[in-house]
Amino acid sequence: MARIRNIVILTGAGVSAESGIDTFRAGSDGGPSLWEQHRVEDVATPEGFARDPDLVLGFYDMRRAAIQTKQPNPAHHALARLDAQWEGGLLIVTQNVDDLHERAGARRVLHMHGEHLKAWCTACDTRSRWTAPLIDRPRCPGCGAAALRPDVVWFGEMPYEMDTIYAALRDADLFVSVGTSGAVYPAAGFVRDAREVGAWTLELNLERSQGSHWFQETRLGRASELVPAWVDEVLAARA
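Since the structure is predicted, the reported quantities are computational estimates derived from the model, not experimental observations. Throughout, a residue's number is its position along its own chain's written sequence, starting from 1. Thresholds applied to this predicted model are a pLDDT of at least 70 for local features of residues and 80 or more for the giving and counting of side-chain atom pairs; totals over whole chains, interfaces and linings are not thresholded and use all residues. No hydrogens and no water enter the side-chain calculation; it runs on all heavy atoms of the structure.

*Asks:* I'd like a rundown of the pairing of strand β2 (residues 89-94), residues and numbers included.
*Replies:* In terms of burial, β2 is a largely internal element, five of the six residues being buried. Two elements, strand β1 (residues 6-11) and β2, share six bridges in a ladder whose sense is parallel. Across the sheet, residue V8 finds its bridge partner in β2, namely L91. Relative to strand β3 (residues 109-111), β2 runs parallel, the two being bridged by three bridges. Within the sheet, the bridge partner assigned to V93 lies in β3 and is L110. Buried means the residue's accessible area, taken with a 1.4 Å probe over protein chains only, is under 20% of the maximum for its type, while exposed means over 50%, and partly exposed covers the values in between. Under the scheme used here, helices are H or I runs from DSSP no shorter than 4 residues and strands are E runs no shorter than 2 residues, and both carry numbers assigned from the N terminus. Being paired, for any two strands, means DSSP has found at least two bridges between them.

Dropping the structure here:
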């Protein structure tokens, strides 16, 4: 750790699941996934939105309302503590569309798949913080058009700020993946990008991911236990 300056952390559904947020894929706890309740093609594609906007807007209105009732867990708080105390480079890249990292106090966070608590106006291309339903077609606070959709990256769309992410990976000394399945690209390929530049790679997960063999070290367990312990190690090594 004494030689590590720049850290990139990728977080996935396993982090927020411990706060009670539904995951898109079934977890090892045996609970149903969102994709078992809805077809991907119906609620998470531009074509599905064009075909049945009420279904899509209702689906995301429910998700938006639900996350506002949830609270950050010890994994979120530990990463926020690292963010506050780490003097080197740090980027928390999250695949999650909730705001629990920010509510825990983290600031160096990038939402590559968008955010539930934002709405995107497809007329003027502005994004606004949004906590209310969208199904009644409210107007954009910027241009006044009734053209708001969830600011969430759907299948077939490009994740956000990939240039920023790849730049951080090129400078990384340490890449850590927390609670991810290793099944969704491009995020699943970040570990290989980090290995190519010589970064140490660490996986913290409830079970081994599909890309677990790419990591130099894997620790298995609950994110709410693994992440605080790891953050304690990192900060103690730099004390």
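Right, picking up where we left off after that structure.
*Asks:* Kindly report on the UniProt feature "binding site: NAD(+)" (unreviewed entry) in the protein chain, identifying the contributing residues and their values.
*Replies:* UniProt positions are given in the numbering used here, feature names are shortened, and annotations may be inferred rather than shown by experiment. Using the residue numbers shown here, the UniProt feature "binding site: NAD(+)" (unreviewed entry) corresponds to Q95, N96, V97, D98, G179, T180, S181, N205, L206, E207 and A223. Narrowing the list just given to those that line the largest cavity leaves Q95, T180 and S181. Position of N96 relative to the elements: it lies in the loop between β2 and α7 (100-104). By relative accessible area, N96 is classed as buried at 8%. In terms of polar contacts, N96 uses its side chain to reach the backbone carbonyl oxygen of G12, at 2.9 Å. Among the secondary structure elements, G179 is positioned in the loop between β7 (174-178) and α9 (190-196). If sequence neighbours within four positions are ignored, G179 has contacts with G12, A13, G14, V15, L204 and N205. For cavity detection a 1 Å grid was placed over the protein atoms alone, and a set of points counts as a cavity when a 1.4 Å probe fits there but cannot get out; an open set counts as a pocket when protein lies on both sides within 12 Å along at least five of seven lines, with lining residues being those that have an atom within 4 Å of a point. Distance and chemistry together define a polar contact, namely a pair of N or O atoms within 3.5 Å, with one atom able to donate a hydrogen and the other to accept it when in protein, and with adjacent residues in sequence counting only for side-chain atoms on both sides. Should any heavy atoms of two residues lie within 4.5 Å, those residues are counted as being in contact.

*Asks:* Break down the side chain of T45 for me, citing the residues and quoting the values.
*Replies:* Along the chain, the position of T45 falls in the loop between α3 (40-43) and α4 (46-51). The exposure class of T45 is buried, given its relative accessible area of 9%. Separated by 2.9 Å, the side chain of T45 and the backbone oxygen of E41 make a polar contact. Setting aside its immediate chain neighbours within four residues, T45 contacts V40, W154 and F155.

*Asks:* Quick rundown of the sheet that holds β1? Include the residues and the values.
*Replies:* Adjacent strands of a sheet form backbone hydrogen bonds with each other and so pair up, either parallel or antiparallel. Pairing in this open sheet of six strands is parallel, and the strands run β3-β2-β1-β7-β8-β9 from one edge to the other. This sheet does not close on itself; its edge strands, each paired only once, are β3 and β9 (217-220). For this sheet the average axis-to-axis angle between neighbouring strands, irrespective of direction, equals 15°. Against the sheet, helix α10 (residues 223-237) makes contact with β1, β7, β8 (200-205) and β9, and its axis sits at roughly 145° relative to β8, the strand it touches most. To obtain each axis, a line is fitted to C-alpha atoms, and for helices this fit is confined to the stretch in contact; angles are then taken between N-to-C directions over 0 to 180 degrees.

*Asks:* How would you sum up the packing of aromatic side chains? Please name residues and give values.
*Replies:* Aromatic pairing here means that ring centres of Phe, Tyr or Trp (its six-membered ring) are within 6.5 Å. Orientation follows from the plane angle: under 30 degrees is stacked, over 60 is edge-to-face, and everything else is tilted. What the rule picks out here adds up to five aromatic pairs. Between the aromatic rings of Y60 and W154, the centroid separation amounts to 6.1 Å while the plane-to-plane angle is 45°, which identifies the pairing as tilted. On the criterion of sequence distance, the pair formed by Y60 in helix α5 (residues 53-67) and W154 in the loop between β6 (148-152) and α8 (162-170) is long-range, its members being 94 residues apart. An identical accessibility class is assigned to Y60 and W154; each is buried. For the pair F175 and F215, a centre-to-centre distance of 6.2 Å together with 15° between the ring planes defines the contact as stacked. In this pair, F175 sits in strand β7 while F215 sits in the loop between β8 and β9, placing the two residues 40 residues apart along the sequence. The exposure class assigned to F215 is buried, which follows from its relative accessible area of 12%. One aromatic cluster is present, formed by F49, F59, Y60 and W154 through successive ring pairs. Cation over ring: R127 sits above W120, and NZ or CZ is 4.6 Å from the ring centre. Two thresholds decide whether a charge sits over a ring: the Lys NZ or Arg CZ must be within 6 Å of the ring centre and within 35 degrees of the ring normal.

*Asks:* An account of the sheet that holds β6 is needed here, citing residue identities and associated values.
*Replies:* Spatially, the three strands line up as an open sheet ordered β5-β4-β6, and their pairing is antiparallel. Pairing within the sheet leaves two strands with one partner each, and these edge strands are β5 (127-129) and β6. The average angle at which neighbouring strand axes cross in this sheet is 45°, direction not considered. As paired strands, strand β4 (residues 114-121) and β6 are joined by four bridges and run antiparallel to one another. Across the sheet, residue C121 finds its bridge partner in β6, namely L148. Against the sheet, α5 contacts β4 and β6, and its axis sits at roughly 135° relative to β4.

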